[in-house]
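Read off the chains here:
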Amino acid sequence: MVTEKACLNCRHIISQGDVCPICGGTKFTTKWSGYVVILNVEKSELAKKLGINVNGVYALHIQED
């Protein structure tokens, strides 16, 4: 079973690895809820409001483990 985890720095969700491919962070949490998928950061108003600069899947709410 694969447990997805969210980067505590940028909220990017990953399912494998120990380094965030977006920000290089190494601290993650499995306690997150809700997510948003950004397909085109240049045109996404939501990405701008959330401060997201790279396409991907991001957690909306995170807690530290």
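Structure shown above.
The rules we used
- Residues numbered from 1 in each chain as written.
- Predicted model: local features only at pLDDT ≥ 70, side-chain atom pairs only at ≥ 80, totals over all residues.
- Heavy atoms only, no water.
- Helix = DSSP H or I, 4+ residues; strand = E, 2+ residues; numbered from the N terminus.
- Buried < 20%, exposed > 50% of the residue type's maximum accessible area, 1.4 Å probe, protein only.
- Contact = heavy atoms within 4.5 Å.
- Disulfide = S-S within 2.5 Å.
- Pairing = 2+ DSSP bridges.
- Salt bridge = Lys/Arg side-chain N within 4 Å of Asp/Glu carboxyl O.

(A) Focus on the overall build of the protein chain. For the protein chain, the helix and strand inventory stands at one helix and five strands. Its C-alpha atoms put the protein chain at 35 × 20 × 20 Å along the principal axes. Every one of the 65 residues in the protein chain was classed for burial, and the buried ones make up 31%. Taking the intrachain contacts of the protein chain between residues at least 6 apart in sequence as the baseline, contacts between residues at least 24 apart amount to 42%.

(B) Representation of the state of the cysteines in the model. All chains considered together, the criterion is met by zero disulfides. With no disulfide partner, C7 has as its closest neighbouring cysteine sulfur the one in C23, 3.5 Å distant. With no disulfide of its own, C20 has C10 as its nearest cysteine by sulfur position, at a separation of 3.6 Å.

(C) The arrangement of the sheet that holds strand β3 (residues 28–29) in detail. An order of β2-β1-β3 is seen for the three strands of this open sheet, with the pairing classed as antiparallel. Every interior strand has two partners, whereas the edge strands, β2 (13–14) and β3, have only one. By the bridge criterion, two bridges tie strand β1 (residues 5–7) to β3 in an arrangement that is antiparallel. Following the sheet pairing, C7 is matched in β3 by F28.

(D) Focus on the pattern of salt bridges. One pass over the structure, following the stated rule, counts two salt bridges. Among the salt bridges present, the one from K5 reaches D18, with a minimum N-O distance of 3.6 Å. Taken together, the positions of K5 in strand β1 and D18 in the loop between β2 and β3 put the pair 13 residues apart, joining distant regions of the chain. Accessibility expressed as a relative area gives 18% for K5, which makes it buried. E45 is the salt-bridge partner of K48, the closest N and O atoms lying 3.6 Å from each other. Of this pair, K48 and E45 both sit in helix α1 (residues 45–50), three residues apart, which is roughly one turn of that helix.

(E) Representation of the environment of E4. Among the structural elements, E4 can be located in the segment before β1. Under the relative-accessibility criterion, E4 is labelled partly exposed at 40%. Separated by 35 residues in sequence, E4 and L39 have C-alpha atoms that sit 19 Å apart. Excluding residues that lie within four positions of it along the chain, E4 makes contacts with I13, I14, S15, T30 and W32.

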